Structures are given as structure tokens and as C-alpha cells.
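# Residue-level structure breakdown
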Amino acid sequence: MSTINVYLYFKGNCENAFNFYKSIFGGEFQFIGRYKDISQEARRNFPYCSDEHIMHVALPISKETILMGADMIDSHNQTTEAKSNFSLYINTENKNEATRLFNALSEEGDIIVPIAEQFWGSYYGLCIDIFGISWKISYSQNDDKKTKRNKT
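All values reported here derive from a predicted model rather than from experimental measurement. Numbering of residues starts from 1 in each chain and follows the order in which that chain's sequence is written. Reporting in this predicted model follows two pLDDT cut-offs: at least 70 for local features of residues, and 80 or more for side-chain atom pairs to be given and counted; totals over whole chains, interfaces and linings ignore these cut-offs and use all residues. To get the side-chain values, take all heavy atoms of the structure and skip hydrogens and water.

## Examining the side chain of S87
Runs of H or I in DSSP of at least four residues are treated as helices and runs of E of at least two as strands, each being numbered from the N terminus. With respect to the secondary-structure elements, S87 resides in strand 5 (residues 86–91). Only protein chains enter the accessibility calculation, which uses a 1.4 Å probe. A residue is then buried if its area is under 20% of the maximum for its type, exposed if over 50%, and partly exposed in between. For S87, a relative accessible area of 0% corresponds to the buried category. Nitrogen and oxygen atoms within 3.5 Å of one another constitute a polar contact, given that in protein one can donate a hydrogen and the other can accept it, and given that sequence-neighbouring residues count only through two side-chain atoms. A distance of 2.5 Å separates a polar atom in the side chain of S87 from a polar atom in the side chain of S134. For S87, the residues in contact, after removing those within four places along its chain, are N5, V6, Y7, Y9, L126, S134 and K136. By definition, residues are in contact when any of their heavy atoms lie within 4.5 Å.

Following this line, the structure appears as C-alpha cells:
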């Protein structure tokens, strides 16, 4: 079974927002990374985000749900369209399912990041469907390794 989680975008206040969510939901961040932490090559994709802005944060809400987000700033220091304010994030059980979902959702839509192995270790792609909904499709081989360890 696949999981769907919400991915929120902020105009420079992602860290404040997620500290607020953390105070409400409890728990600890599963991950928090800043733009200064990514390679210079990848950094070119985010020219208006400062080094201290949040590149990705994940806050587990339950076993099945993770609230995720990032700062995404354009040249006018704001997001440009409503569809860029969020993405639905699907983490699949296998690579074939990730490819199937990505291909189906991107048909007649826009491919923003082609689905492929990424520098952080996930098989990942980003597209906007024909209805203007942003989708992040991901599969992590680390999930397979955890499953195999639990079965042995």
C-alpha cells in the first residue's frame, strides 16, 4: 500500500511554522535540512533561497502520516501560484509502483523533476497533473532494507 502525505511550501518561515506544528503535534523532526547543506550544482535550482532557509523538513504525525515542508522563494520573494503552495507526496512500496504513478499523474501535465535516482538516495520525481495538482512521487530502497531486516 502507498502512503500520501502533505508537503507545504513557505515564503521563508518554514522553520517557524514547523516549530509551531511540533509544539502542537509533539514528536521530533525526522529530518531538517537547509539549502546550505546541498551541493552547489543542486543549489543553482533555488537561487532565491538563502543558505539558512529550509530545504526539507519532516515531522511524523503518526505511523502513517508525515507532515513535510520547505521554503520555496521566487524572485519576488513569494510563491507565484496557488498550486506551488503544496504538493501531495506519495511514498511507494517499490520502484515500479513509483514509475507507474508518476507516468499516470504526469500524463497531459507538466514534469518538473523527471523520476530518477536522486542525490539523496531516493527514486523521486515531481510533476503537476492535468488539474494543476503538484505530486511528489518517491521510493526509497532504504524502506526495502528495513523490511528485509524485520523479516529475518
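## Considerations on the packing of aromatic side chains
Under the pairing criterion, centres of Phe, Tyr and Trp rings, with the six-membered ring standing for Trp, must be within 6.5 Å; the plane angle then separates stacked pairs below 30 degrees from edge-to-face pairs above 60, leaving the rest tilted. A full pass over the atoms with the stated rule returns 8 aromatic pairs. Between the aromatic rings of F18 and Y21, the centroid separation amounts to 5.3 Å while the plane-to-plane angle is 80°, which identifies the pairing as edge-to-face. Within this pair, F18 and its partner Y21 are both found in helix 1 (residues 14–25), separated by 3 residues, close to a single helical turn. Note on accessibility: F18 and Y21 belong to one class, buried.

## Section: the pattern of salt bridges
Salt-bridge detection follows one rule: a side-chain nitrogen of Lys or Arg within 4 Å of a carboxyl oxygen of Asp or Glu. According to the stated counting rule, one finds 7 salt bridges in the structure shown. The salt bridge partner of R34 is E52, with a shortest N-O separation of 3.7 Å. Placement of the pair is R34 in strand 2 (residues 31–34) and E52 in the loop between helix 2 (40–43) and strand 3 (54–60), with a sequence separation of 18 residues. A salt bridge links D51 to R43; its shortest N-O distance comes to 3.3 Å. Counted as one network, the salt bridges with shared partners bring together E15, R34, K36 and E52.

## Some details on a nonpolar patch on the surface
For patch detection, residues must exceed 30% relative accessible area and be free of salt bridges, and they are connected within 9 Å for like charges or within 5 Å for nonpolar side chains (Val, Leu, Ile, Met, Phe, Trp, Tyr). All accessible areas in this document rest on Shrake-Rupley with a 1.4 Å probe, and a residue is counted as covered only by the protein chains that are shown. A contiguous nonpolar surface patch, about 390 Å² in accessible area, is contributed by F20, I24, F25 and I61. Relative to the helices and strands, I61 is located in the loop between strand 3 and strand 4 (66–71).

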